[in-house]
Amino acid sequence: MIVAGSGLVLAVETSCDETAVAVVEGGRRIVASIVASQVALHASTGGIVPEVAARAHLRWIVPVFEEARAAAGIDDWSTVDGVAVTYGPGLAGSLLVGINFAKTLAWVHGRPLIPVNHLEGHIYAAWLLDPGEPSRPEPAFPLVALVVSGGHTFLVEMAGHLSYRLLGQTVDDAAGEAFDKVGRLLGLPYPGGPAIMAAAAAATRRDAVFPRAWLGDSFDFSFSGLKTAARRSIEALRRDHGELEPQVVSELAHGFQESVVDVLATKTGLAAERSGAQCIVLGGGVAANAVLRDRIAGRAAALGIPLVVPRPGLCTDNAAMIGAAGFQRIRAGSRADLALDARPSLKLVE
Ligand code: KG4
Ligand code: ZN
């Protein structure tokens, strides 16, 4: 039974290649969450073609919304405290579909329109509870959050809700981008992240070692040198031995993954230690990586603080995380009007 004022947020996310609508209560409890993935659509091109993604959002936004609305049993819109929508960062055409859909819903039903930054959505996924999942404490402040996705890689410190201090970020490629590019070089299916994780897990030899970019004492990241090193190794092996054997692909995938995970986990642990964090939060598609999760869990355990990481389906793009962040935005008084526009290059910290 849903009652008015319980913090019910209907959320829309279309920033990249997932068409998603969710209903979240009190910034935590998922009432319904529907995600239509375009992965199969983009597999043949080995990556996202923006126009194709935007057209697919147009095709799917109404059925995805209708399924989420029906699953949440929303008939009386007076129970809905706001319509939250991702307005950036992301692909302009994709963002526009979700923004215009959310604007229309908010206007037609007379509900507040709540603008949400996709990146804070990835952080707030850590607050979510699945339907029926026993409650657990919220992530405690101050905390350090690592967001690792296909488009972004950064570390922030949060002293409280919606308060972000940037500690470091990638100076070139995002971690997910590196996974995707190296996956393609290895001849693995798109997206590269899950494919590299699976190939690495099957490695029997673990001798391939790739460089780590520490960038001195900073909390910044760089993955382009690693990508180039991987490309050179792959090209040299192909030149000398022809097509790569599956075992060689696995060994290279393992070496690459170790390099990424080592830098991400070491810097996150150090950031948490130096800032006296009470908790580490991990989010974004690459946080679905089991080795990264394990390695950061080890760092958190050594510091005696909890690691909060959403289940893999809530690490990759979804609308429930936008609902969780949207709830905090409502509490903070954020509102948008019908002039809300897509902000493809929106930053978390301006
Ligand atoms: O957060 P997300 O769904 O979309 C963006 O906002 O970018 O992240 C997608 C990225 C892709 O680069 C994908 O390869 C990566 O997350 N990814 C993974 C894994 N699952 C998804 N990377 C490493 N290991 C995984 N298991
Ligand atoms: Zn994302």
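Residues numbered from 1 in each chain as written. Chains lettered and ligands numbered in written order. Predicted model: local features only at pLDDT ≥ 70, side-chain atom pairs only at ≥ 80, totals over all residues. Heavy atoms only, no water.

(A) Seen up close, the site of ligand 1. For ligand 1, the set of nearby residues contains 20 residues, the closest of which are G150, D180, G193, G285 and N289. At 3.3 Å, a side-chain N or O of H118 approaches an oxygen atom of ligand 1. In this structure, an oxygen atom belonging to ligand 1 sits 3.1 Å away from a side-chain N or O atom of H122. Protein coverage of the free-state accessible area of ligand 1, which is 560 Å², stands at 90%. If you list the elements that add at least two residues to the shell around ligand 1, you get α4 (118-124), α5 (175-185) and α6 (192-201). Across the shell around ligand 1, the residue classes break down as seven nonpolar, eleven polar and two charged. (Near = heavy atom within 4 Å. Polar contact = N/O pair within 3.5 Å; in protein donor to acceptor, adjacent residues only side chain to side chain. Areas by Shrake-Rupley, 256 points an atom, 1.4 Å probe, with all protein chains shown as cover. Helix = DSSP H or I, 4+ residues; strand = E, 2+ residues; numbered from the N terminus. Nonpolar A, V, L, I, M, F, W, Y, C, P; charged D, E, K, R; others polar.)

(B) Fine view of unusual backbone geometry. For the bond from F141 to P142, the omega torsion is -5 degrees, close enough to zero to count as cis. Here P142 shows up in the loop between α4 and β6 (143-148). Following Y190, the chain continues to P191 via a peptide bond in cis, the omega torsion being -5 degrees. Relative to the assigned elements, P191 resides in the loop between α5 and α6. Notably, L162 is not glycine yet its phi reads approximately 60 degrees, a positive angle. Here L162 is to be found in the loop between β7 (153-158) and β8 (165-169). Owing to a relative accessible area of 18%, L162 belongs among the buried residues under this scheme. Positive phi, normally seen in glycine, also occurs at L215, with a value near 50 degrees. By the element assignment, L215 lies in the loop between α6 and α7 (224-241). (Buried < 20%, exposed > 50% of the residue type's maximum accessible area, 1.4 Å probe, protein only.)

(C) Layout of the packing of aromatic side chains. Counting across every chain of the model gives six aromatic pairs. Seen in terms of ring centroids, Y124 and W127 are 4.5 Å apart; in terms of plane orientation they differ by 35 degrees. Their pairing is tilted. Each member of the pair, Y124 as well as W127, carries the same accessibility label: buried. Relative to F223, the ring of F221 has its centre 6.3 Å away and its plane inclined at 10 degrees; by these criteria the two rings are stacked. (Phe/Tyr/Trp six-rings, centres within 6.5 Å; stacked < 30°, edge-to-face > 60°.)

(D) Representation of the pattern of salt bridges within the structure. One pass over the structure, following the stated rule, counts 17 salt bridges. With a closest N to O distance of 2.6 Å, E66 and R69 form a salt bridge. Of this pair, E66 and R69 both sit in helix α2 (residues 50-72), three residues apart, which is roughly one turn of that helix. Between E235 and R231 there is a salt bridge whose closest N-O contact spans 3.7 Å. (Salt bridge = Lys/Arg side-chain N within 4 Å of Asp/Glu carboxyl O.)

(E) Structural view of the pairing of strand β1 (residues 8-13). Taken across its six residues, β1 has six buried, putting it largely inside the fold. Residues L8, L10 and V12 point to one face of β1 and V9, A11 and E13 to the other, with burial holding for every one of them. Bridge count between β1 and strand β2 (residues 18-25): six bridges; the pairing is antiparallel. Looking at the pairing, V9 lines up with V24 of β2. Between the antiparallel neighbours β1 and β2 lie four residues. Where β1 and strand β4 (residues 82-88) come together, four bridges link them in parallel fashion. Bridge assignment links V12 to a residue of β4, and that residue is V85. (Pairing = 2+ DSSP bridges.)

(F) Up close: the domain arrangement of the chain. Segmentation of the chain into domains returns domain 1 (8-130 + 314-331) and domain 2 (143-310). For domain 1 and domain 2, the distance between their C-alpha centroids amounts to 27 Å. Each partner contributes residues to the interface: domain 1 has 22 residues there, and domain 2 has 24 residues. Around 1,800 Å² of area is buried between domain 1 and domain 2 when both sides are counted, 74% of it from carbon and sulfur atoms. In this structure, the connection of domain 1 to domain 2 is made through zero salt bridges. Inspection of the domain 1/domain 2 interface yields five residue pairs in polar contact (both at pLDDT 80 or more). (Domains from an automatic or database assignment. Contact = heavy atoms within 4.5 Å. Buried area = accessible area lost by both parts, 1.4 Å probe.)

(G) Examining the sheet that holds β8 more closely. Spatially, the five strands line up as an open sheet ordered β8-β7-β6-β9-β10, and their pairing is mixed. If you trace the sheet from one side to the other, it starts and ends with β8 and β10 (307-308), each paired once. Note: β6 against β7, six bridges, orientation antiparallel. Pairing of L143 across the sheet is with M158, part of β7. In this fold helix α8 (residues 246-275) packs onto β6, β7, β8 and β9 (279-283), with an angle of close to 160 degrees to the strand it touches most, β6. (Axes fitted to C-alpha atoms, helices over the stretch in contact; angles between N-to-C directions.)

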